[in-house]
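# Structural features, examined
Below are the chains, spelled out letter by letter.
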Amino acid sequence: MSKGTIIYIGGFELPDKNAAAHRVVNNGKALKTLGYDVVFVGIQKEDTSKIKKHSFFDFTVYSISYPNSKSSWFKYITEFNKYIDIVESHKNIHSLILYNLPAISIKRLLNYSRKKNIKIFSDCTEWYEAPKNGNLLMRLVKKFDVKYRMEKLHLQLDGIISISKFLHNYYSKHNTKSILLPPLVDTDDKKWKKKQVNYNKKVTDFVYAGSPFSIANKSAVKDKLDVIIDAFYKELKFNRNFHLHIIGVTLEDMLSFYPILQNKIEKLNNNVTFYGRREHVFVLDLLKKSDFSIFYRENTLTNTAGFPTKFVEAISASSAVITNSSSNIKDYLAEGKNSFLLPNDNSKSIEEVLHDVLNLSIEKKKEIKEYTNKNNLIFDYKNYLNQFKELLN
């Protein structure tokens with residue numbers, strides 16, 4: 001017998017079109033395992049006023065249109081009626097989980113849930129800093145939205161699903177019920193099936209997969225991919241037996257954002273490949289076949305409050321990770337076994353770490369791969385059921 005229906009609402013694009021979708025689906029699987037029915041209300045990029053109803057992963061999914069103009073954007077950040085229509089079309093509602101929903105929508109849904117005696121939670125995965133560029137009105141609205149949502153509204157909810165220790169500590173300190181929940185995976189899904197690895201290959205393969213920056217907003221840099229490319233360029237004089245696979249950005253986008261890198265990328269030539277955006281399965285297959293995942297993050301509020309999905313996916317795909325310390329990833333890594341830490345403040349040392357990794361013996365690389373193969377269940381959702389019980393009870 002079902003324990004009730006949980007309506008999960010937010011800016012995720014199911015089945016697998018953004019990191020948010022992967023997070024909520026695996027959270028949904030955990031909730032389903034605990035006996036709840038889960039209904040998702042996400043977004044679609046198609047320009048239509050109609051709500052689409054689908055079925056993904058045995059979940060009922062509704063998709064509303066994502067804003068593509070200023071007027072539709074203001075309507076989206078105050079949305080309420082569409083959500084309520086969906087909620088009231090289902091019976092035995094246990095709770096609402098709001099994934100990074102805009103503040104006004106949260107406030108309206110909070111008022112509704114209190115009248116109906118429905119629990120309401122936030123799945124909080126970000127704390128964005130105030131935007132520095134763009135339309136002044138939109139910047140002010142976004143600044144208000146973040147501050148009101150993070151510092152006021154979340155404290156009034158029944159609990160928070162915090163993606164990072166930073167968020168978990170913040171809300172716990174403010175006497176708000178919080179569970180610490182990194183991005184999760186379902187390792188029983190066939191896409192995580194392990195692959196045979198060639199330990200004797202001469203070339204060491206590295207994968208960067210993600211969206212390092214926004215072409216539209218030059219100040220929005222998530223990952224310092226330029227630092228990684230520069231380190232590989234400087235390694236050319238010592239070693240050419242490496243290949244850097246870059247997924248999520250094209251060569252044209254990279255040079256548009258960092259024109260100063262053109263000469264270095266040309267010198268790297270066959271040692272680097274830009275794939276652009278590719279399917280999630282392609283990313284995972286390449287991670288499984290490669291030796292290392294690599295990325296470098298700036299020390300910002302956004303990165304500290306978030307948690308890198310690419311770290312979770314690499315570990316779950318049995319790939320060791322080369323990265324600097326960001327968020328609370330140190331809680332999940334074993335340096336020298338499934339990871340190598342880059343320094344946060346000295347780019348020369350980044351080159352030294354990369355040089356050391358490229359000079360690892362075949363035996364050491366085999367030892368690392370065997371360790372990652374045996375320890376790839378860290379983020380499996382089945383290991384986090386008690387956290388969900390703690391939140392919902």
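See the structure shown above.
One structure accompanies this document, and this report is about it. These numbers were taken from a predicted model, which means no experiment stands behind them.

Pairing between the strands of a sheet is mediated by backbone hydrogen bonds and can be parallel or antiparallel. Pairing in this open sheet of eight strands is mixed, and the strands run S3-S4-S2-S1-S5-S6-S7-S8 from one edge to the other. Across the chains shown, the open sheet's two edge strands, defined by having one partner strand only, are strand S3 (52–56) and strand S8 (178–180). Strand after strand, the sheet turns through a mean of 25° between neighbouring axes, direction not considered. Looking at chain direction, strand S1 (residues 5–10) and strand S2 (residues 37–44) are connected through five bridges and run parallel. For Ile 7, the partnering residue across the bridge sits in S2 and is Val 39. Against the sheet, helix H1 (residues 19–33) makes contact with S1, S2, strand S4 (59–65), strand S5 (93–99), strand S6 (119–124) and strand S7 (159–162), and its axis sits at roughly 170° relative to S2, the strand it touches most.

A few words on the packing of aromatic side chains. With the rule as written, the count across this model stands at 25 aromatic pairs. Where Phe 213 meets Tyr 258, the ring centres are 5.9 Å apart and the plane angle is 80°; that geometry is what we call edge-to-face. One end of the pair, Phe 213, is in the loop between strand S9 (204–209) and helix H7 (225–235); the other, Tyr 258, is in the loop between helix H8 (251–257) and helix H9 (262–268), with 45 residues separating them in the sequence. In this structure, Phe 213 and Tyr 258 share a single accessibility class: buried. Between the aromatic rings of Phe 307 and Tyr 332, the centroid separation amounts to 5.6 Å while the plane-to-plane angle is 90°, which identifies the pairing as edge-to-face. Residue Phe 307 is located in the loop between helix H11 (301–305) and helix H12 (309–316), and its partner Tyr 332 is located in the loop between strand S13 (320–324) and strand S14 (339–342); the two are separated by 25 residues in the primary sequence. For Phe 307, a relative accessible area of 6% gives the class buried. What links up through ring pairs into an aromatic cluster is the set Tyr 8, Phe 12, Phe 40, Phe 59 and Tyr 99. Sitting above the plane of the Phe 59 ring, Lys 32 keeps its charged end 5.0 Å from the centroid. Sitting above the plane of the Phe 282 ring, Arg 278 keeps its charged end 4.0 Å from the centroid.

Rules used in this analysis
Residues numbered from 1 in each chain as written. Predicted model: local features only at pLDDT ≥ 70, side-chain atom pairs only at ≥ 80, totals over all residues. Heavy atoms only, no water. Pairing = 2+ DSSP bridges. Helix = DSSP H or I, 4+ residues; strand = E, 2+ residues; numbered from the N terminus. Axes fitted to C-alpha atoms, helices over the stretch in contact; angles between N-to-C directions. Contact = heavy atoms within 4.5 Å. Phe/Tyr/Trp six-rings, centres within 6.5 Å; stacked < 30°, edge-to-face > 60°. Buried < 20%, exposed > 50% of the residue type's maximum accessible area, 1.4 Å probe, protein only. Lys NZ or Arg CZ within 6 Å of the ring centre and 35° of its normal.

So, to be careful, I would describe these as geometric facts and stop short of saying anything about function.
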